[in-house]
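Remarks on the overall topology
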Amino acid sequence: MTNPGHEAYPDPHHDTYSKTVFGFWIYILTDFILFGVLFATFAVLKNSTFGATPPSQLFNLPRVLIQTLILLTSSFTIALGGAFAHRKNKSATLITFLITFVLGLVFVIMQHSEYAHLIASGNSWQRSAFLSAYFTLLGTHTLHMLFALLWVIVLMIPVIGKGLSPVSIKRITCLRMFWQFLNIVWIFIFTIVYLLGVK
């Protein structure tokens, strides 16, 4: 008999659970390919500024570092939330996912503020090939973050009303995978776009 309090609840080797998680891994791999193409495009176009403001003068690195720390913290809190969910600790799960949601929302707001600042200063996606590649890459990541935030809301509403079931835990596992994937992509963005861009 399955122990509801055990951290392996529901059984990760259960056929339905394992198939769902495996299928979601396949989806994440396709997203990796998408971002790989966008990174390759950015690498080709990063020097095509056509007389516009160079990357070294566009980006506020301390601000981006704060964004990165916020997102990394959310990676920790969502991992905690998943662990609490497997232990069927409803209140702790809801609290950690609420913290994750707030951190993710702050990250998105800061990213939107950066887009607005660049556009207001005349550095929109139409200004150069470099900026087109930048807005495409960063915009795709932001859209994924918005979807992840919506996903948190959609998953937590049933948990509030009905508690943690094997189905909800399975969905939470997929959400955790997606969120961690976005964190990995952001680390590449932070390194390739920002750190190397301001050199």
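Procedures and definitions
- Residues numbered from 1 in each chain as written.
- Predicted model: local features only at pLDDT ≥ 70, side-chain atom pairs only at ≥ 80, totals over all residues.
- Heavy atoms only, no water.
- Helix = DSSP H or I, 4+ residues; strand = E, 2+ residues; numbered from the N terminus.
- Buried < 20%, exposed > 50% of the residue type's maximum accessible area, 1.4 Å probe, protein only.
- Contact = heavy atoms within 4.5 Å.
- Areas by Shrake-Rupley, 256 points an atom, 1.4 Å probe, with all protein chains shown as cover.
- Axes fitted to C-alpha atoms, helices over the stretch in contact; angles between N-to-C directions.
- Parallel < 35°, antiparallel > 145°, perpendicular 65-115°, else oblique.
- Left-handed = near helix turned anticlockwise from the far one by under 90°.
- Nonpolar A, V, L, I, M, F, W, Y, C, P; charged D, E, K, R; others polar.
- Polar contact = N/O pair within 3.5 Å; in protein donor to acceptor, adjacent residues only side chain to side chain.
- Expected span 1.5 Å × (residues − 1).
- Core = buried A, V, L, I, M, F, W, Y, C linked by side-chain atoms within 4.5 Å.
- Lys, Arg positive; Asp, Glu negative; His and termini not counted.
- Salt bridge = Lys/Arg side-chain N within 4 Å of Asp/Glu carboxyl O.
- pLDDT = per-residue confidence, 0-100.
- Patch = residues over 30% accessible without salt bridge, like charges linked within 9 Å, V, L, I, M, F, W, Y side chains within 5 Å.

Topic: the overall build of the protein chain
For the protein chain, the helix and strand inventory stands at 6 helices and 0 strands. If you list the helices and strands of the protein chain from N to C, you get α-α-α-α-α-α. Counting over 199 residues, the protein chain shows a buried share of 45%. For the protein chain, the share of sequence-separated contacts (at least 6 apart) that also reach a separation of at least 24 residues comes to 81%. In the form shown here, the protein chain has an accessible surface area of approximately 10,200 Å², with 71% of it arising from carbon and sulfur atoms.

Observations concerning the packing of helix H4 (residues 90-120) against helix H5 (residues 129-162)
Geometry of a packed helix pair, given as the angle between the helix axes and the separation of the axes. Running from N to C, H4 and H5 cross one another at 155°; their axes reach a closest spacing of 10 Å. Considering the angle they form, H4 stands roughly antiparallel to H5. The crossing of H4 and H5 is left-handed. Here the residues of the contact of H4 with H5 sort into 20 nonpolar, 5 polar and 2 charged.

Structural notes on the packing of helix H3 (residues 61-86) against helix H6 (residues 166-195)
Orientation of H3 relative to H6, taken along the N-to-C sense of each, is 160°, at an axis distance of 10 Å. Accordingly, the angle class assigned to the pair H3 and H6 is roughly antiparallel. Relative to H6, the crossing made by H3 is left-handed. Residues that form the contact of H3 with H6 fall into these classes: 18 nonpolar, 9 polar and 1 charged.

Focus on the side chain of His144
Examined against the element boundaries, His144 turns out to sit in helix H5. Here the side chain of His144 touches Asp31 through a polar contact of 2.7 Å, side chain to side chain. Contacts of His144, omitting those with residues within four sequence positions, involve Tyr27, Asp31, Leu34, Phe35, Phe178 and Leu182.

Topic: unusual backbone geometry
Among all residues except glycine, the phi angle is most often negative; among peptide bonds, the trans geometry is most common. A positive phi angle, close to 60°, is found at Lys88, a residue other than glycine. You can call Lys88 partly exposed: its relative accessible area is 33%.

Overview of H5
Turn by turn, an α-helix covers 3.6 residues, leaving residues three or four places apart pointing in a common direction. With 34 residues, H5 should reach 50 Å at 1.5 Å per residue; the first-to-last C-alpha distance of 50 Å fits that figure. Gly163 lies just past H5 and shows a positive phi near 85°.

A look at the nonpolar core
Judged by nonpolar contacts, the single largest core of 54 residues is most densely connected at Tyr134, Leu137, Leu138, Trp186, Ile189, Val193 and Tyr194. Of all the elements in the fold, those that place two or more residues in this core are helix H1 (15-45), H3, H4, H5 and H6. Beyond its immediate sequence surroundings of up to four residues, Ile189 is in contact with Phe39, Leu137, Leu138, His141 and Tyr194.

Structural notes on the side chain of Glu114
Secondary-structure assignment places Glu114 in helix H4. Despite its burial, Glu114 pairs with no opposite charge, the nearest such side chain being Arg63 at 5.3 Å. Each residue touching Glu114, except ones within four places of it in the same chain, is listed here: Phe59, Arg63, Val64, Gln67, Tyr134 and Tyr194.

What about the confidence of the model for the protein chain?
Of all residues in the protein chain, 90% have pLDDT values of 70 or greater, and the mean over the chain is 87. Mean pLDDT values over the elements of the protein chain span from 76, in helix H2 (residues 55-58), up to 95, in H4. Below pLDDT 50 for its whole length, residues 1-7 participates in 11 contacts with residues either more than four positions away or in separate chains.

Description of a nonpolar patch on the surface
A surface patch of nonpolar side chains, about 580 Å² in accessible area, is lined by Phe22, Ile26, Leu29, Phe32, Ile184 and Phe188. When contributions to the nonpolar patch are tallied by element, the ones reaching two or more residues are H1 and H6. Of all the elements, H1 adds the most residues to the nonpolar patch, at 4 residues. Of the residues examined, Phe22 reaches a relative accessible area of 56% and is grouped as exposed.

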